[in-house]
Amino acid sequence: MIGKIAWENMWFKPLNTVLSVLLLTASVSIISVLILLQKQFEEQFSSSMDDIDLVLGAKGSPLQLVLSSVYQIDAPPGNINYLEAKRWMENPFIASAIPLAYGDNYKGYKIIGTTPEYISKYGGEVVQGNVFQKDFEVVVGYEIAQNLGLKVGDTFLGTHGDAEEGEVHEEKPYTIVGIASKTGKILDNVILSNIESVWNMHDHDHDYEEDHVHDHNHDHDHSHDEVSSLEGKEITAVFLKFRNKMGIVTWPRMIPQNTEMQVASPAVEINRLFSLFGVGLTALQYLAYGIMLISGISIFVALYNTLKERKFEFALLRVNGATRLQLLKLVLIESLLLCITGFVFGMIFGRIALYFISLSSEAEFKMAFNPFEFIWDKEGVLFLMTLLVGVLAALIPAIKAYYLNISKTLANA
């Protein structure tokens with residue numbers, strides 16, 4: 001009964017109610033989006049750099065090197081000489097080295113020249129077809145195959161550079177020989193070939209002999225022919241995994257001093273990015289809590305004003321047998337109903353907002369977010385905070401209702 005009266009009281013002044021609910025909805029949706037964004041953003045970034053101790057690449061911004069090679073987000077700072085990089089890749093300190101060579105894209109998706117280890121590094125496998133072996137054979141990421149309707153046996157033409165509108169390489173089509181499994185990581189949004197494909201595509205000075213291209217072995221054959229054929233060849237970056245921690249400590253100083261290259265630590269650079277990202281998120285969270293505070297004040301003003309205008313009605317309720325405690329509960333329930341309504345709408349609109357953020361970030365950065373995830377601990381705290389706002393806003397009006405002087409109120413009516 002009290003709940004029903006509280007619900008009707010809520011709509012006694014619909015404009016006040018709508019304003020309070022809107023403010024709460026705005027604050028809750030902003031906070032819930034930030035909670036989800038931060039968790040999923042950090043998870044995706046952390047999982048992608050597993051098993052990479054350092055990234056070897058051209059001198060420039062270390063963060064740019066990490067973003068471009070590990071996350072495919074930025075343009076790389078430049079290319080490095082393959083033979084020079086190979087010497088470091090074969091160092092006894094190194095447990096594994098995965099080279100990357102960029103050059104082209106297909107409909108905005110990067111074509112990366114690399115080794116089959118790249119697929120297993122991201123926890124993937126080829127679920128349809130086989131791994132690339134010859135030039136211009138490619139394995140396509142799961143999301144690309146889904147989005148573009150590609151299948152094993154299809155052919156396509158690469159576009160030069162990162163932009164979709166670049167020059168199309170019409171003379172050398174790629175053939176899809178495999179589709180990778182869904183990993184939820186960068187692998188889902190890239191097209192992989194061998195490194196020779198990238199070189200061959202951009203090698204306008206002299207073509208490779210067919211037999212060299214197809215039978216190129218990866219067992220580090222140091223014959224004069226191979227060295228001369230690799231002279232001047234470039235790659236973009238190398239993922240390095242060390243046998244012990246010693247190299248991780250010494251190489252960042254040693255490589256820039258002795259070469260035209262640098263090594264960057266994904267862990268260090270991404271922590272730096274998180275701290276910058278975190279500052280922005282914290283500022284937005286403060287803004288959202290500010291809006292929540294304003295909504296609390298709005299609820300308080302609305303309840304206080306309706307109490308003044310409806311003193312007579314409250315006095316009649318007392319005459320008809322309502323206790324002081326019931327009046328107190330009536331005002332509290334009205335405030336809590338407002339807050340719960342705002343919270344529910346906030347959650348719904350927060351999810352809708354994250355869905356659209358995910359669409360644009362997937363188109364721009366090939367990074368998707370899940371709007372249907374619930375982070376019970378943080379969102380539970382947010383719900384309790386919303387209820388607390390409701391209780392605090394109702395406190396003074398509820399106490400005034402509790403101490404309402406019936407005879408004086410009815411006498412003045």
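Notes on the structure follow.

### Brief notes about the overall build of the protein chain
Helices and strands together make up the secondary structure of the protein chain, namely 15 helices and 13 strands. For 413 residues, the compact-globule estimate of 2.2 N^0.38 gives 22 Å, and the protein chain exceeds it by more than 25% at 31 Å. Within the protein chain, contacts between residues separated by at least 24 positions form 79% of all contacts whose residues are at least 6 apart in sequence. Approximately 20300 Å² of the protein chain is accessible, and the part contributed by carbon and sulfur atoms is 60%. Charge centroids of the protein chain, computed over 31 positive and 47 negative side chains, lie 22 Å from each other.

### A short note on helix H10 (residues 245-258)
Relative to the 20 Å expected for 14 residues at 1.5 Å per residue, H10 spans 20 Å between its end C-alpha atoms, a close match to the ideal helical length. Along H10, the helix axis deviates most sharply at Trp251, where the bend reaches about 50°; the proline Pro252 sits within four residues downstream. Among the residues of H10, those classed as buried are Gly247, Thr250, Trp251 and Ile255. Turning to H10, the residues buried within the fold contact strand S1 (54-58), helix H4 (82-89), strand S3 (94-106), strand S12 (237-242) and strand S13 (261-264). At the N-terminal boundary of H10, the capping side chain belongs to Asn244, with an oxygen 3.1 Å from the backbone nitrogen of Met246.

### Structural notes on H4
Counting buried positions over the eight residues of H4 gives seven, a clear majority of the element. For H4, the set of buried residues is Tyr82, Leu83, Glu84, Ala85, Lys86, Trp88 and Met89. Where H4 begins, the side chain of Asn81 points an oxygen toward the backbone nitrogen of Leu83, at a separation of 2.9 Å.

### Quick word on the layout of surface pockets
Take a probe with the size of a water molecule and roll it over the atoms, and the empty space left behind shows itself. Here the second largest pocket defines a volume of roughly 460 Å³. If you go around the second largest pocket, you meet 21 residues; those closest to its centre are Gln72, Gly108, Ala363, Glu364 and Lys366. Sort the elements by how many residues they give to the lining of the second largest pocket and helix H13 (residues 324-365) lands first, with four residues. Grouping the constituent residues of the lining of the second largest pocket by class yields eight nonpolar, five polar and eight charged.

### Considerations on the pairing of strand S10 (residues 191-194)
Along any regular strand, the residues point their side chains to alternate faces of the sheet. Where strand S4 (residues 109-114) lies against S10, four bridges are found, and the strand directions are parallel. Residue Gly113 lies in a different strand from S10, and its bridge partner there is Ser193.

### Remarks on the nonpolar core
Generally speaking, soluble globular proteins have nonpolar side chains that are buried together. The biggest cluster of nonpolar side chains holds 67 residues, and the ones touching the most others in it are Phe45, Val70, Tyr71, Tyr118, Phe239 and Ile270. Discounting residues that sit within four places of it in the chain, Val70 has contacts with Ser48, Met49, Ile52, Val55, Tyr122, Ile186, Phe239 and Pro266. If you look at the next biggest cluster of nonpolar residues, it comprises 23 residues, including Leu83, Ala85, Trp251 and Met261.

### Quick notes on a positive patch on the surface
Residues Lys308, Lys311, Lys400 and Lys408 make up a contiguous surface patch of positive charge. The topology assignment puts Lys308 in helix H11 (residues 266-309). With relative accessibility at 53%, the residue Lys308 sits in the exposed group.

### Structural notes on empty space enclosed by the protein
Taken as a whole and assessed by the stated rule, the structure comprises two cavities of 30 Å³ or more. Of the pockets and cavities examined, the largest cavity occupies roughly 80 Å³. What lines the largest cavity is a set of 11 residues, among which Met10, Asn16, Thr17, Ala302 and Glu334 lie closest to the centre. Residue assignment for the lining of the largest cavity shows that the elements contributing at least two residues are helix H1 (2-10), helix H2 (14-48), H11 and H13.

Reading guide: rules and limits
- Residues numbered from 1 in each chain as written.
- Predicted model: local features only at pLDDT ≥ 70, side-chain atom pairs only at ≥ 80, totals over all residues.
- Heavy atoms only, no water.
- Helix = DSSP H or I, 4+ residues; strand = E, 2+ residues; numbered from the N terminus.
- Rg over C-alpha atoms; globule rule 2.2 N^0.38 Å.
- Contact = heavy atoms within 4.5 Å.
- Areas by Shrake-Rupley, 256 points an atom, 1.4 Å probe, with all protein chains shown as cover.
- Lys, Arg positive; Asp, Glu negative; His and termini not counted.
- Charge placed at Lys NZ, Arg CZ, Asp CG, Glu CD.
- Expected span 1.5 Å × (residues − 1).
- Bend = angle between axes of the 7 residues up to and from the residue.
- Buried < 20%, exposed > 50% of the residue type's maximum accessible area, 1.4 Å probe, protein only.
- Polar contact = N/O pair within 3.5 Å; in protein donor to acceptor, adjacent residues only side chain to side chain.
- 1 Å grid on protein atoms, 1.4 Å probe; cavity = no way out; pocket = protein on both sides within 12 Å on 5 of 7 lines; lining within 4 Å.
- Points joined across faces, edges and corners; volume = space filled by probe spheres on them.
- Nonpolar A, V, L, I, M, F, W, Y, C, P; charged D, E, K, R; others polar.
- Pairing = 2+ DSSP bridges.
- Core = buried A, V, L, I, M, F, W, Y, C linked by side-chain atoms within 4.5 Å.
- Patch = residues over 30% accessible without salt bridge, like charges linked within 9 Å, V, L, I, M, F, W, Y side chains within 5 Å.
- Salt bridge = Lys/Arg side-chain N within 4 Å of Asp/Glu carboxyl O.

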